[in-house]
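Breakdown of the fold
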Amino acid sequence: QVQLVESGGAVARPGGSLRLSCQVSGLPLNTHAITWFRHVPEKDREALSCISDGDGSEYYLDSVKGRFTISRDDAKNTVYLQMNSLKPEDTAIYYCAGRKRCGPYYYTYDYWGQGTQVTVSS
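This write-up is about the structure you can find in this document. (Residues numbered from 1 in each chain as written. Predicted model: local features only at pLDDT ≥ 70, side-chain atom pairs only at ≥ 80, totals over all residues. Heavy atoms only, no water.)

Quick word on the overall build of the chain
Broken down by element type, the chain carries 0 helices and 11 strands. Going from N to C terminus, the chain has its helices and strands arranged as β-β-β-β-β-β-β-β-β-β-β. Viewed in the frame of its principal axes, the chain has a C-alpha envelope of about 40 × 30 × 25 Å. Across the 122 residues of the chain, 41% fall into the buried class. (Helix = DSSP H or I, 4+ residues; strand = E, 2+ residues; numbered from the N terminus. Buried < 20%, exposed > 50% of the residue type's maximum accessible area, 1.4 Å probe, protein only.)

Written out as structure tokens, the structure reads:
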């Protein structure tokens, strides 16, 4: 059974940092990509960053490039999203999702976590 479990969401100050974790079970990370999405009301889920299967190539949405870093610990089957220089507009529910290859469209992903809330506020 495939399971993705996010953690690490919290309230942070503007300019602060958070690290989100996505614990993956039942889905080999050497054959599946993991993407971090975020969702705010009345908008579609937005793909922020993906780490590919195999060589672990990384992809980033332009608005988070340089602030967010995705990484993977194969021994722990966990994918991380380090978020620095947080802004109020980063406030959202953050999800990790898995599929065979990186891709930007949320509706093409087969496996999802339950989400973790990130709030950036002074």
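The rest of the description comes next.
Comments concerning the state of the cysteines
A full pass over the atoms with the stated rule returns 2 disulfides. One disulfide in the model links Cys22 with Cys96; its S-S distance is 2.1 Å. Of note, the bridge from Cys22 to Cys96 carries an S-S torsion of about 75° and is right-handed in sense. On the criterion of sequence distance, the pair formed by Cys22 in strand 3 (residues 18-25) and Cys96 in strand 9 (residues 92-99) is long-range, its members being 74 residues apart. A residue is classified by how much of its surface remains accessible, and Cys96, at 0% relative accessible area, is buried. (Disulfide = S-S within 2.5 Å.)

Here we look at the pairing of strand 11 (residues 116-120)
Only one face of strand 11 is covered, namely the one carrying Thr116, Val118 and Val120; the face carrying Gln117 and Thr119 has none of its residues buried. Here strand 2 (residues 11-12) runs beside strand 11; their pairing, made up of 2 bridges, is parallel. In the sheet register, Ala12 faces strand 11, and the bridge partner there is Val120. Across 3 bridges, the pairing between strand 9 and strand 11 is antiparallel. Bridge pairing in strand 11 places Ile93 opposite Gln117. (Pairing = 2+ DSSP bridges.)

A few points about the pairing of strand 5 (residues 46-51)
The buried count for strand 5 comes to 5 of 6 residues, which makes it a mostly enclosed element. Of the pairings in the sheet, the one linking strand 5 to strand 6 (residues 58-60) comprises 3 bridges and is antiparallel in character. Along strand 6, the bridge assignment pairs Ile51 with Glu58. Here strand 5 folds back onto strand 6 in antiparallel fashion, the turn holding 6 residues, of which Gly54 has a positive phi close to 65°.

Purely spatial values, then, with no claim about function.
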